[in-house]
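Listed below are the residues making up each chain.
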Amino acid sequence: MSQPVPFYRHDLGRPELDEIADVFAGPILTTGDKVAQFERMFADYLGRRHALGVTSCTGAIHMSLLALDIGPGDEVITTPMTFIATATAIQEAGAKPVFVDVEPDTGNLDARRVEAAITSRTRAILPVHLYGLMCDMRALREIAERRGLVIIEDCAHCVEGARDGVRPGQLSDAACFSFYATKNLTCGEGGAVATDRDDLVDKLRLLRLHGMTKTAADRHREGYVHWDATLLGWKYNMDNIQAAILIPQLKRLDAKLGEREKLARRYAEKLSEIPTVRMPATHADAVHARHLFPIWVGEGQRDRLIAELNERQIQTVVNYRAIHLLTHFSGALGHRVGDFPIAERMGDETVSLPFYPTMPLEFVDIVSDAIANILRTARTSGAMLS
């Protein structure tokens, strides 16, 4: 039996515990000074004017749409190759997600196909930087400016990324981030929205906490004064405990990216020797955030490969099946097989391999050798894996 290889392990420890202890020593557990500290650090890291901590990337997208007055009757162009929350957040705002097929070599939203999907109801483009590689934001910005659209970036996979000299949030109206349990920057659950637009940040701040003009930390610091609710807001505010977990990680984020890059190079070297395995492309002028390491295996092999890897105690997941074919979206939007064939093919071929910064290089070899053996055995025997 091969050595167990987990899909992911966090590397949280003493620095995070010390920051949490600092929160526990004070009076405010909810949104307060620790959140404000994280927001300053995160905005500085991204090079953005503003960042707000929230409870999830889903919440960040939802409230960004609301802050930009996007709702019923509006359409938002996005990708079917993503986690479902990208599209459900659009629906939660009352708008309609309009899917556009993806680039065959990266899985990212294909900017060349966006123009054809624009109608009189289109208000926004919502690209997803899949796996950590940024979309072609320069091309999308040009379309948005010419057609009078806003851009909200789903950066759930991409804190550290850059492309063509562009960072997340630099060419969009708002950039939304996830700090979910397996993300490069994590507090279990959490997220943020970053923007350079001064006119948006105050509205976003109200939207993340019920539309209230005062927080609990404000009332503790200033003494009680009557507060108002100036709009319909939501319960999306990050708390001090979540922020405490994030702060130490920001200080080592780039070092951890270097460790993931070493693993990615080793995977690429090993897997390039397997003829039936393909890997998503990157770009020469890009910093890949390396959130996930997926491969594509064709000819109906994916599900059986996952099963046999699992038998060898190698954990994998699928990021993602094409979401337009999931029951909710096919029913609500009327999509069928063949609507977005590139995304559908990727959804049938994708396997995300074990990948985290403290993973030993020998685990890469164990996983790669297992994949090679499984696929070689199937090819030699003439069996079709399905």
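Peer 1: Pulling in residues and values, what's your account of the overall build of the chain?
Peer 2: Looking only at helices and strands, one finds 14 helices and 12 strands in the chain. Its C-alpha atoms give the chain a radius of gyration of 22 Å, within 12% of the compact-globule value 21 Å for 386 residues. Within the chain, the fraction of its 386 residues that count as buried is 56%. Nonlocal contacts in the chain, meaning residues at least 24 apart in sequence, comprise 73% of its contacts between residues at least 6 apart. Total accessible area on the chain is roughly 16,100 Å²; 52% of this is exposed by carbon and sulfur atoms. The centroid of the 44 positive side-chain charges in the chain is displaced by 1 Å from the centroid of its 51 negative side-chain charges.

Peer 1: Tell me about the sheet that holds strand E3 (residues 96–99), and please be specific about residues and values.
Peer 2: Where strands meet in a sheet, backbone hydrogen bonds hold them as pairs that are either parallel or antiparallel. On the basis of which strands lie adjacent, the open sheet formed by 7 strands has the order E1-E8-E7-E5-E4-E2-E3 and mixed pairing. Two strands in the sheet have a free side with no partner beyond their single neighbour: strand E1 (50–54) and E3. When strand polarity is set aside, the average angle formed by the axes of neighbouring strands in this sheet is 25°. Helix H3 (residues 57–67) rests against E1, strand E2 (75–78), strand E5 (150–154), strand E7 (174–178) and strand E8 (191–195) of the sheet, and its axis sits at about 160° to E7.

Peer 1: Break down the packing of helix H2 (residues 33–46) against helix H9 (residues 240–251) for me, with residues and values.
Peer 2: At a minimum axis separation of 8 Å, H2 and H9 run at an interaxial angle of 35°. Two packed elements cross with a definite hand, and for H2 against H9 that hand is left-handed. Together, Asp33, Lys34, Val35, Gln37, Phe38, Met41, Phe42 and Tyr45 of H2 and Asn240, Ala243, Ala244, Leu246, Ile247, Leu250 and Lys251 of H9 make up the contact between the two elements.

Peer 1: Go over the pattern of salt bridges, please, and point to the residues and values.
Peer 2: Counted under the stated rule, the structure contains 33 salt bridges. The salt bridge involving Asp196 is made with Arg48; its shortest N-O contact spans 3.0 Å. Here Asp196, found in the loop between E8 and helix H7 (198–207), pairs with Arg48, found in the loop between H2 and E1; they are 148 residues apart in sequence, far enough to count as distant. The exposure class assigned to Arg48 is buried, which follows from its relative accessible area of 10%. Measuring nitrogen to oxygen at the nearest pair gives 2.7 Å for the salt bridge that ties Arg146 to Glu142. Placement of the pair is Arg146 and Glu142 together in helix H6 (residues 137–147), with a separation of 4 residues, close to one helical turn.

Peer 1: Give me the lowdown on the state of the cysteines, citing residues and values where you can.
Peer 2: Think of a disulfide as a covalent bridge from one cysteine sulfur atom to another cysteine sulfur atom. The full count for this structure, using the stated rule, is 0 disulfides. We note that Cys176 lacks a disulfide partner, and the nearest cysteine sulfur, in Cys57, lies 5.5 Å from it. Residue Cys176 is classed as buried on the basis of its relative accessible area of 0%. A disulfide-free cysteine, Cys187 has its sulfur positioned 12 Å from the sulfur of Cys57, the nearest such atom. Taking the relative accessible area as the measure of exposure, Cys187 reaches 12% and is therefore buried.

What counts, and where the lines are drawn
Residues numbered from 1 in each chain as written. Predicted model: local features only at pLDDT ≥ 70, side-chain atom pairs only at ≥ 80, totals over all residues. Heavy atoms only, no water. Helix = DSSP H or I, 4+ residues; strand = E, 2+ residues; numbered from the N terminus. Rg over C-alpha atoms; globule rule 2.2 N^0.38 Å. Buried < 20%, exposed > 50% of the residue type's maximum accessible area, 1.4 Å probe, protein only. Contact = heavy atoms within 4.5 Å. Areas by Shrake-Rupley, 256 points an atom, 1.4 Å probe, with all protein chains shown as cover. Lys, Arg positive; Asp, Glu negative; His and termini not counted. Charge placed at Lys NZ, Arg CZ, Asp CG, Glu CD. Pairing = 2+ DSSP bridges. Axes fitted to C-alpha atoms, helices over the stretch in contact; angles between N-to-C directions. Left-handed = near helix turned anticlockwise from the far one by under 90°. Salt bridge = Lys/Arg side-chain N within 4 Å of Asp/Glu carboxyl O. Disulfide = S-S within 2.5 Å.

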